[in-house]
Amino acid sequence: MTIEFHQVSKRFDNGIDGLRDVSATFEEGSMTFLTGHSGAGKSTFLKLLLCLERPTRGQVLVNGVNVTQLKPSRLPHYRRNLGAVFQDHHLLAHRSVFDNVAIPLRVVGMRERDLAKRVRAALSAVGLLERDAMSPGALSTGEQQRVGIARAVASRPKILLADEPTGNLDPGLSRSIMGLFEQFNQVGPTVIVASHDVSLIEAMDHRIIELSNGSILRDEEYAGDRASFESGVESA
Amino acid sequence: MARNKLRDPWPRARWSASGWVQENRRIGGEAVAFLSMRLGTSLLVWLLVGIALALPAGLYLLQVNLTEMTASWEGRPGLSIYFRHGSGDAALALSDALTARAEVALVVVTSSEQALADFRANTSLGDTLTLLDDNPLPASLRATLVPGAGVADLERLAEFARVAPGADEVVVEKTWLERITILSSVVRRLGMILAVLFGVGAVLVTSTSVRLAIEARLEELRVLKLVGATDRQLRRPFLYFGALYGVGGGLVAAMLISFGLLVIESPLENLLGSYDQTLEISGFGGAFLVTLLTTGGLLGIIGALLAVRQRLRHLRIL
Ligand SMILES: Nc1ncnc2c1ncn2[C@@H]1O[C@H](COP(=O)(O)OP(=O)(O)OP(=O)(O)O)[C@@H](O)[C@H]1O
Ligand SMILES: [Mg+2]
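Owing to the predicted nature of the structure, the values given are computational and were not obtained by experimental measurement.

Student: Hey, could you run me through the packing of aromatic side chains in this one?
Tutor: Two numbers describe a pair of aromatic rings. These are the distance of the centres and the angle of the planes. All told, the structure shown has six aromatic pairs over all chains when counted by the stated rule. Here Phe 26 of chain A and Phe 45 of chain A contribute two aromatic rings whose centre-to-centre distance is 5.9 Å and whose plane-to-plane angle is 70°, an arrangement assigned as edge-to-face. With Phe 26 of chain A in strand β2 (residues 17-26) and Phe 45 of chain A in helix α1 (residues 42-49), the pair connects residues that are 19 residues apart, well separated along the chain. Of the two residues examined, Phe 26 of chain A and Phe 45 of chain A, each falls in the buried class. Here the aromatic rings of Phe 238 of chain B and Phe 241 of chain B are separated by 5.6 Å at their centres, their planes lie at 75°, and the arrangement is edge-to-face. Residue Phe 238 of chain B and its partner Phe 241 of chain B are both found in helix α9 (residues 231-273); the two are separated by three residues, about one turn of the helix. Take Phe 238 of chain B and Phe 241 of chain B: they sit in the same class, and that class is buried.

Okay, structure coming up:
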């Protein structure tokens, strides 16, 4: 699905500006990294897209529909098209890995037989098929993060959003998780990943939008010439 | 935005019966599992709801049985009419007149001679009366009303008897009827008040318990909402909790009532035996049980709805 932000501003009740006059378009099937300093507005951006917050001004269009104006009764049906991954993965401790991944599929009322296939497919995509009966609490942080990703992709969302999915993972694991998003992006969804791990995302061949104090500081498509920049960062 | 109107990119999922059954089976099963995992709390809730239901339901049974009793009481209300000395013929005449009336079931005439004979037979004072020349006992007549006749019929009949020739004194024996009628209307009103009060109590108990269940599952609710669960879907498990708490409470109420009946059975039998009555508790049957369980279930669901409304309306996902 195509996503368009039109002059979106978000001022919180306490007067802080989360976003200021942000405009950006994300083509269907594109993959974009959202970066910027802490407090730059990355999470706010994703929350507006998930309709967890409403903008103070501007429009968020998804396939041409202004989702900020959706009636509460329509919101669930919109959200079923989205997959979201968070740094604190929000897995349910009292349910098995399988049941955690199955949650979005049960919400859409998928038959148990089809559901089991989908869950296993998602788990094997993140390499955790053999962990399906375990409790998330028994998994390592990286494994938990991957279960969260499996849950987000199990329903084959048209938009996949991730907020700091590699937050406290080691570099090798971070790289492989970013690789997972890349892999899912190949299958079709529009992907937006927020991360402040600049060296990691600049090593990848995708568009980068950098926010600063709620405004877009840079918005560059991958042009294949980042190698020099990347080595510069590494030597720094 | 004009483009908004063109199409609905996110249609509601089509409703399917098998999907509905599948979801309800799963959620119902999870609700049962949840309640049995917290059996201590569940038992407490069932007991509280059970007591709240048992009191008004028990009073309802009492009232039903009192009403039945007034209808079937053997010592049914009636009149005793005592005649002036030497009015034996008048007694017979009035007896005929009363027998002809629809509300009168039975008329028994006791002549003054018969009264004397009874007196002799039943008391040790009989001999003192033989000292008198004359038989001082009056002729009397006793009329019993048909079942279902009320206090008003009795009053009308008494009015009629008072003006009959030879009638000296008319004694209306309605105290039992009146007392039971009054008692049963008091019981009915008390039952209604208690039903309202305890019904509210049952709703509050389930509502509080369901609210605790919601608090215990907030994280799950957030995740469900994030992936697009509708309010109806978020609500459903808690409606199951409410219904299970309520129906369980209804069962406990039925047990409490049958236990109560067991306890009062033998003293009540003795009491009724002294009035030549046999004990027959009516109203405690299948329909009563179904009503009790349904009422419990409905009150539970109402409690759950209250809790869910309060808690889920402003649920923040992140
Ligand atoms: N609910 C809120 N109420 C008030 N202010 C908020 C709220 N959420 C975010 N903010 C503020 O908005 C600004 C942007 O926050 P946001 O969470 O989007 O930053 P971020 O780029 O995700 O930062 P980080 O990298 O630390 O996650 C911050 O200054 C933050 O304090
Ligand atoms: Mg953030």
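Student: What am I meant to see in the nonpolar core here?
Tutor: Nonpolar side chains in soluble globular proteins generally cluster together in the buried interior. Residues Val 210, Ile 214, Leu 221, Phe 238 and Phe 241 of chain B are the most contacted members of the largest nonpolar core, which totals 42 residues. Sorting the residues of this core by element identifies α3 (97-107) of chain A together with α1 (17-37), α2 (39-72), α7 (175-216), α8 (218-226), α9 and α10 (286-312) of chain B as the ones contributing at least two each. If we skip the residues at most four places from it in the chain, Val 210 of chain B touches Phe 238, Phe 241, Gly 242, Tyr 245, Ala 304 and Ala 307 of chain B. Of all hydrophobic cores here, the second largest spans 38 residues; its members include Phe 98, Ala 162, Ile 177 and Met 178 of chain A.

Student: Whenever I open this one, the sheet that holds strand β1 (residues 3-11) of chain A confuses me. Can you help?
Tutor: Backbone-to-backbone hydrogen bonds join strands into a sheet, with any given pair of strands oriented parallel or antiparallel. Residues and elements named next belong to chain A. Strand order in the open sheet formed by four strands is β2-β1-β4-β5, and the pairing between neighbours is antiparallel. Strands at the two margins of the open sheet, each flanked by one partner only, are β2 and β5 (65-66). By the bridge criterion, six bridges tie β1 to β2 in an arrangement that is antiparallel. By the bridge assignment, Glu 4 is partnered in β2 with Thr 25.

Student: I keep staring at the environment of Phe 119 of chain B and nothing clicks. Help me out?
Tutor: All names here are of chain B. Assignment of secondary structure puts Phe 119 in helix α4 (residues 112-122). Look at Phe 119 and you get partly exposed, because its relative accessible area is 27%. Along the sequence, Phe 119 and Leu 137 sit 18 residues apart, while their C-alpha atoms lie 9.2 Å from each other.

Student: Sorry, what's going on with the interface of chain B and chain A here?
Tutor: How big an interface is tends to be reported as the loss of accessible area on association of its parts. Taken together, the contact between chain B and chain A spans 28 residues of the former and 37 residues of the latter. Across the interface of chain B and chain A, roughly 3000 Å² is buried in total on both sides, 56% from carbon and sulfur atoms. Between Arg 95 of chain A and Glu 30 of chain B there is a salt bridge whose closest N-O contact spans 3.1 Å. Summed over the shared surface of chain B and chain A, the result is nine residue pairs in polar contact (both at pLDDT 80 or more). Elements that contribute at least two residues to the side of chain B that touches chain A include exactly α1 and α8 of chain B.

Student: What should I look at first to understand the pairing of strand β3 (residues 140-145) of chain B in this one?
Tutor: As a general feature of sheets, a regular strand has side chains that alternate between the two faces. Residue and element names in this part refer to chain B. Within β3, five of the six residues are buried, leaving the element largely enclosed by the surrounding structure. Where strand β1 (residues 78-83) and β3 come together, five bridges link them in antiparallel fashion. The residue of β3 that forms the bridge with Tyr 82 is Ser 140. Note: strand β2 (residues 104-110) against β3, six bridges, orientation antiparallel. Considered in β3, the bridge of Val 104 is made with Leu 145.

Student: Would you mind going over the site of ligand 1 with me for this structure?
Tutor: Residues and elements named next belong to chain A. Ligand 1 sits among 13 residues. The nearest are Ser 38, Gly 39, Lys 42, Ser 43 and Thr 44. Measuring from an oxygen atom of ligand 1, one finds a backbone N or O atom of Gly 41 at 2.9 Å. Within the side chain of Lys 42, one N or O atom sits 2.7 Å away from an oxygen atom of ligand 1. Calculation on ligand 1 without its partners gives an accessible area of 620 Å², and the protein chains cover 67% of this total. Here the shell around ligand 1 is built from residues that sort into three nonpolar, eight polar and two charged.

Calculation notes
- Residues numbered from 1 in each chain as written.
- Chains lettered and ligands numbered in written order.
- Predicted model: local features only at pLDDT ≥ 70, side-chain atom pairs only at ≥ 80, totals over all residues.
- Heavy atoms only, no water.
- Phe/Tyr/Trp six-rings, centres within 6.5 Å; stacked < 30°, edge-to-face > 60°.
- Helix = DSSP H or I, 4+ residues; strand = E, 2+ residues; numbered from the N terminus.
- Buried < 20%, exposed > 50% of the residue type's maximum accessible area, 1.4 Å probe, protein only.
- Core = buried A, V, L, I, M, F, W, Y, C linked by side-chain atoms within 4.5 Å.
- Contact = heavy atoms within 4.5 Å.
- Pairing = 2+ DSSP bridges.
- Buried area = accessible area lost by both parts, 1.4 Å probe.
- Salt bridge = Lys/Arg side-chain N within 4 Å of Asp/Glu carboxyl O.
- Polar contact = N/O pair within 3.5 Å; in protein donor to acceptor, adjacent residues only side chain to side chain.
- Near = heavy atom within 4 Å.
- Areas by Shrake-Rupley, 256 points an atom, 1.4 Å probe, with all protein chains shown as cover.
- Nonpolar A, V, L, I, M, F, W, Y, C, P; charged D, E, K, R; others polar.

None of the figures reported here should be taken as evidence of function without further support.
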